[in-house]
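Observations on the three-dimensional arrangement
What follows is each chain in one-letter form.
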Amino acid sequence: MINWFKILLTLIKKDLKIEIKTKETTVTLCLFAIVIVTVFALTTENNSLINQSFGAGIIWSSVIFAGSIAMVKFFHHEEQNKTLQSLMVMPIPSEIILFSKSITFFIFVSISEIIIFLISSVLFNLNIFSLKLFVASLIFNIGYSVVGSFFGIIASKSSSKEILLTMLLIPIIIPLLMFIIAITNDALTSNLEDNFQTWLSVGISFDIIFITVMSFLFGKILEE
Amino acid sequence: MIRQIYISITGIAFIFTMWMIFLWAPTEINQGQVQRILYLHVPFAWASMVAIVAIAITSILFLITKNDKWDNLSQSLAEVGLVSAVVMLFSGIVWAKPVWGVWWTGEAKLTTALVLFFIYCAYLLFRNYFPPGNARNRIAAIIALIGAIDSPIIYYAAQIWEQNHPKAVVGPLATEESSLSGEMVITLLACVLTVTLLFIGLVWTQYQTNRIARIKNV
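Residues numbered from 1 in each chain as written. Chains lettered and ligands numbered in written order. Predicted model: local features only at pLDDT ≥ 70, side-chain atom pairs only at ≥ 80, totals over all residues. Heavy atoms only, no water.

**Focus: the overall build of chain A**
- In terms of regular secondary structure, chain A is built from nine helices and zero strands.
- N-terminal to C-terminal, the α/β element order of chain A is α-α-α-α-α-α-α-α-α.
- Taken against the 2.2 N^0.38 rule, which gives 17 Å for 224 residues, the C-alpha radius of gyration of chain A at 18 Å falls within 12% of a compact globule.
- Structurally, chain A occupies a C-alpha span of about 55 × 35 × 30 Å along its principal axes.
- Across the 224 residues in chain A, those meeting the buried criterion constitute 54%.
- Excluding contacts between residues fewer than 6 apart, the proportion of contacts in chain A whose partners are at least 24 apart in sequence is 85%.
- For chain A, the accessible area works out to roughly 10,000 Å², and carbon and sulfur atoms hold 69% of it. (Helix = DSSP H or I, 4+ residues; strand = E, 2+ residues; numbered from the N terminus. Rg over C-alpha atoms; globule rule 2.2 N^0.38 Å. Buried < 20%, exposed > 50% of the residue type's maximum accessible area, 1.4 Å probe, protein only. Contact = heavy atoms within 4.5 Å. Areas by Shrake-Rupley, 256 points an atom, 1.4 Å probe, with all protein chains shown as cover.)

**A short note on the overall build of chain B**
- Check the secondary structure of chain B and you find six helices and zero strands.
- The order of helices and strands in chain B, counted from the N terminus, is α-α-α-α-α-α.
- Taking the principal axes of its C-alpha atoms as reference, chain B extends roughly 60 × 45 × 25 Å.
- In chain B, buried positions account for 47% of the 218 residues.
- Contacts in chain B between residues at least 24 apart in sequence constitute 78% of all its contacts with a sequence separation of at least 6.
- Accessible area of chain B: about 11,100 Å², with a carbon and sulfur share of 72%.
- Counting 13 positive and 10 negative side-chain charges, chain B places the averaged centre of each group 16 Å from the other. (Lys, Arg positive; Asp, Glu negative; His and termini not counted. Charge placed at Lys NZ, Arg CZ, Asp CG, Glu CD.)

**What about the side chain of A:Ser100?**
Residues and elements named next belong to chain A.
- Positionally, Ser 100 belongs in helix 5 (residues 94-123).
- Classification of Ser 100 as buried rests on a relative accessible area of 1%.
- Look past the residues within four positions of Ser 100 in its chain and what remains in contact with it is Leu 8, Leu 11 and Ile 12.

**Digging into the nonpolar core**
- Within the largest apolar cluster, 123 residues are counted, with the highest numbers of intra-cluster contacts made by A:Phe140, A:Tyr144, A:Phe150, A:Phe151, A:Phe179, A:Trp199 and B:Ile146.
- Sorting elements by how many residues they give to this core places helix 5 (residues 134-163) of chain B first, with 15 residues.
- If you look at the next biggest cluster of nonpolar residues, it comprises seven residues, including B:Val34, B:Ala96, B:Val99 and B:Trp100. (Core = buried A, V, L, I, M, F, W, Y, C linked by side-chain atoms within 4.5 Å.)

**Section: the layout of surface pockets**
- In this structure, the second largest pocket spans a volume of roughly 490 Å³.
- Around the second largest pocket sit 17 residues that line it, and A:Ile174, A:Met178, B:Thr111, B:Leu114 and B:Trp161 are the ones nearest its centre.
- Those elements giving two or more residues to the lining of the second largest pocket turn out to be helix 7 (161-172) and helix 8 (174-188) of chain A together with helix 4 (108-129) of chain B.
- Residues belonging to the lining of the second largest pocket are distributed by class as follows: 12 nonpolar, five polar and no charged. (1 Å grid on protein atoms, 1.4 Å probe; cavity = no way out; pocket = protein on both sides within 12 Å on 5 of 7 lines; lining within 4 Å. Points joined across faces, edges and corners; volume = space filled by probe spheres on them. Nonpolar A, V, L, I, M, F, W, Y, C, P; charged D, E, K, R; others polar.)

**Comments concerning the packing of aromatic side chains**
- Tallied over the full model, the rule gives 15 aromatic pairs over all chains.
- With centroids separated by 5.5 Å and ring planes inclined at 55 degrees, the aromatic side chains of B:Phe117 and B:Phe118 adopt a geometry described as tilted.
- The structure contains a cluster of three or more aromatic residues connected by ring pairs, namely A:Trp60, A:Phe117, A:Phe140 and A:Tyr144. (Phe/Tyr/Trp six-rings, centres within 6.5 Å; stacked < 30°, edge-to-face > 60°.)

**A word on the packing of helix 2 (residues 38-65) of chain B against helix 3 (residues 68-100) of chain B**
Residues and elements named next belong to chain B.
- With their axes 7 Å apart at the nearest point, helix 2 and helix 3 run at an angle of 160 degrees to one another. It follows from the interaxial angle that helix 2 and helix 3 lie roughly antiparallel. Of the two elements, helix 2 crosses helix 3, and the hand of that crossing is left-handed.
- Class assignment of the residues belonging to the contact of helix 2 with helix 3 gives a composition of 17 nonpolar, 10 polar and two charged. (Axes fitted to C-alpha atoms, helices over the stretch in contact; angles between N-to-C directions. Parallel < 35°, antiparallel > 145°, perpendicular 65-115°, else oblique. Left-handed = near helix turned anticlockwise from the far one by under 90°.)

**As for a nonpolar patch on the surface**
Residues and elements named next belong to chain B.
- A cluster of nonpolar side chains, contributed by Phe 16, Trp 19, Phe 22, Leu 23, Trp 24 and Ile 186, occupies part of the molecular surface with about 670 Å² of accessible area.
- Secondary-structure assignment places Phe 22 in helix 1 (residues 2-24).
- Residue Phe 22 is classed as exposed on the basis of its relative accessible area, which comes to 53%. (Patch = residues over 30% accessible without salt bridge, like charges linked within 9 Å, V, L, I, M, F, W, Y side chains within 5 Å. Salt bridge = Lys/Arg side-chain N within 4 Å of Asp/Glu carboxyl O.)

Right, dumping it as C-alpha cells:
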C-alpha cells in the first residue's frame, strides 16, 4: 500500500527547502505585514481605547493582505517552473497536492503572525497573548491556507493574479475573518468567555466544510 | 418573436406596477413616502438571492454534462444577478438613512448582501481575466458553487456578529415590527412578480447576446 503520508511529507519538504533557499515568500509576507501595521501605528493616535477597538481589525487586515501577496508570489513560481504540471503527472490523488501546498502555506502564515503579533503588541501597547486566541489563530490559519491555496492555484494561471486572488479569496473567507476578529476583540477587552464557543463553532464548521468541498473540487481545477 | 412578446408583457407589467407603487398603494404612516423604495428593494433582493442559487444549479449541471449552454446560462445569471445586487444595495442604503438614521449597519442581511455582491464581482472578474476555454468555464462553475455554499455561512456568521454590534435606535422600525395593509401586500407581490419577469427577460436577452459572442469568438 502506498504511504500517502510519506508523499505528503516529501512534497512539503520540497517546498520548505525551496523557501529556506530563496526566503522569498516568508520575507514578503513578514515585511509587507510589518509595513501595514507600522503605517496604521503611525497614522492613529496612540490611545489604548482606540487600539482596543481597532487593534484586531488592523492585525488581521495585515495578515490577509500580506498573505494574499505572498500567495501570489508562491504560486507564481510554481506556475513558472511548471511544478504543478509535473506533480499532476505523478500517480497521486490531487488532494495530496492541495494539502501539501496548504500545510506549507500554513507554516508561512503562522511564522508571519508571530512577528505581526509581537510588533502590534509593541506599537499599539496591546496584550493579545492568550491560549484561546492561539487556538483560534490555528483554526483561522487552517481555513485561510486551504482556501488561499485553492484560489492561489487558480489565480496563478491568470495574467492579473494579484487582483483576482484578492477578489476571489476575501469574500469567501468573510465568515472566518469575522470569527477571528471577534475573538481577537474579545481577547483585547478581556471578554473571551462570552461568545468563544459560538465563534469557535463558526470557525471549525468553516474549516470542515471548505476542506471537504475544496479537496473534492480540486481535481477539477487541475484537469486539462 | 416569443421574446418580443415576453418583453412587451414585462414592459406593460412594469408600468402597471409603477402605477401601483406611486398612486394605488397607501402611504405608510411611520415611514412616509420613503417606504415605497421597499417595493423595489425587496424584489431585487429576491432576484439576487435566486440568481446565486440558480447559478449553483446551472454550474453543477455544467460540471456534470459539460454542455456549454449551462455555462452560458450561469454567466448570464451572474451578470443580471450583479445588476440586481447593485439595485438592492443602493435602494437599501437610500431607504436606511431616513428610517434607521444611518446609511449602513452591521446587520446580518446587509453584510450577506454586500458579500454576495462581491461574490458576483469575483465570478465575473475571473471570467474576464482568465484565458477563454474549457478550463475557464470549468473553474468558473467551481467558483460559483463555492460562492453559493459560502452564502449561508456568511449569513450565520453575520447573525452572531450582529449581536456584538449596536443596533440602530433611530427611526420607527428600529424597535417594533411593521404591519402592511392589504394594498401594500398586493403591491409588493405585484412588484416581486414584475421584477421576476424582468429578471427572466434580462437573463434571456443576455443569454442570446453571450451565445452570439461565443459563436463569433469560435
